[in-house]
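# Results of the structural survey
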Amino acid sequence: GLYAVAAVAAWWVRAVQDDAFISFRYAKNLANGSGLVFNSGERVEGYTNFLWTLILWIPEHFGWNTPMFSVLVTIPLMIATLAVSIRFARRVYGEYPSAWLTGALLVANMTFLAYATSGLETMLQTLLVTSVAALLLETPGRTNQVARRIAAGFLGGLACLTRLDSAVLVGTWFVLVVVLEWRGALW
């Protein structure tokens, strides 16, 4: 129910932001064989979202509507972010009512909904960074911590490829884990 409400609400307020068209232009030139450039022949890196720009190559390559593609991709990313957030809240609070309330508050946040269809990389970055946090949060009785940390590192790398400023959030989580482990708080 909550996921459907989130998807419908995001669709209702959908609006591709003007900054997204910078990435669309880079993706178009990449698909046309001019390279990852804004203007053919000018080698200037003017995007801040490398991985997202590469993903936008797909609609440009196949001749699809790139703004609509970005909306249709980011709504599922928003739903996945919501799911990870609820699961993360469940681990933090230890019970479902508070976790679902956390999800409901997230869906009630207009900024969250608006960026779900902005055409920007925001939902991809949010999903990746939230997933890193969820993977690094220790769960009593879990024995697969090494695999979870490897997955967190991989997703953290993807987050940094999506937006380099993800390094601040991802790095903070990794430093926190190292400090807590060093102090013996995690084991």
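Refer to the structure printed above.
The notes below deal with the structure included here. Bear in mind that the values here come from a model prediction, so they are computed numbers and not experimental data.

## Let's talk about the overall build of the protein
Each helix and strand counted, the protein has ten helices and zero strands in total. Listing each helix as α and each strand as β along the protein from the N terminus yields α-α-α-α-α-α-α-α-α-α. A principal-axis box enclosing the C-alpha atoms of the protein has dimensions of 55 × 35 × 25 Å. The 187 residues of the protein split such that 37% are buried. In the protein, of all internal contacts separated by at least 6 residues, the share reaching a separation of at least 24 is 67%. About 10100 Å² of surface is accessible on the protein, with carbon and sulfur atoms providing 67% of the total. With 12 positive and 10 negative side-chain charges, the protein shows a spacing of 9 Å between the two charge centroids.

## Structural notes on the packing of helix H5 (residues 66-93) against helix H6 (residues 96-107)
With their axes 8 Å apart at the nearest point, H5 and H6 run at an angle of 145° to one another. Crossing of H5 against H6: the hand is right-handed. Mapping the contact onto sequence places Leu 82, Ser 85, Ile 86, Ala 89, Arg 90 and Tyr 93 in H5 and Tyr 96, Ser 98, Ala 99, Trp 100, Thr 102, Gly 103, Leu 106 and Val 107 in H6. Taken together, the residues of the contact of H5 with H6 break down into nine nonpolar, four polar and one charged.

## Here's the deal with the environment of Arg 91
Relative to the helices and strands, Arg 91 is located in helix H5. Taking the relative accessible area as the measure of exposure, Arg 91 reaches 22% and is therefore partly exposed. The spacing of Arg 91 and Gly 156 is 65 residues in sequence and 20 Å in space, taken between C-alpha atoms.

## Quick notes on helix H1 (residues 2-12)
For H1, the complete set of buried residues consists of Leu 2, Ala 6 and Ala 10. For H1, the buried positions fall inside an angular range of 70° around the axis, keeping them on one side. For H1, the exposed residues set more than 90 degrees away from the buried face come down to Val 8 and Trp 12.

Criteria and thresholds
- Residues numbered from 1 in each chain as written.
- Predicted model: local features only at pLDDT ≥ 70, side-chain atom pairs only at ≥ 80, totals over all residues.
- Heavy atoms only, no water.
- Helix = DSSP H or I, 4+ residues; strand = E, 2+ residues; numbered from the N terminus.
- Buried < 20%, exposed > 50% of the residue type's maximum accessible area, 1.4 Å probe, protein only.
- Contact = heavy atoms within 4.5 Å.
- Areas by Shrake-Rupley, 256 points an atom, 1.4 Å probe, with all protein chains shown as cover.
- Lys, Arg positive; Asp, Glu negative; His and termini not counted.
- Charge placed at Lys NZ, Arg CZ, Asp CG, Glu CD.
- Axes fitted to C-alpha atoms, helices over the stretch in contact; angles between N-to-C directions.
- Left-handed = near helix turned anticlockwise from the far one by under 90°.
- Nonpolar A, V, L, I, M, F, W, Y, C, P; charged D, E, K, R; others polar.
- Arc of directions from axis to C-beta.

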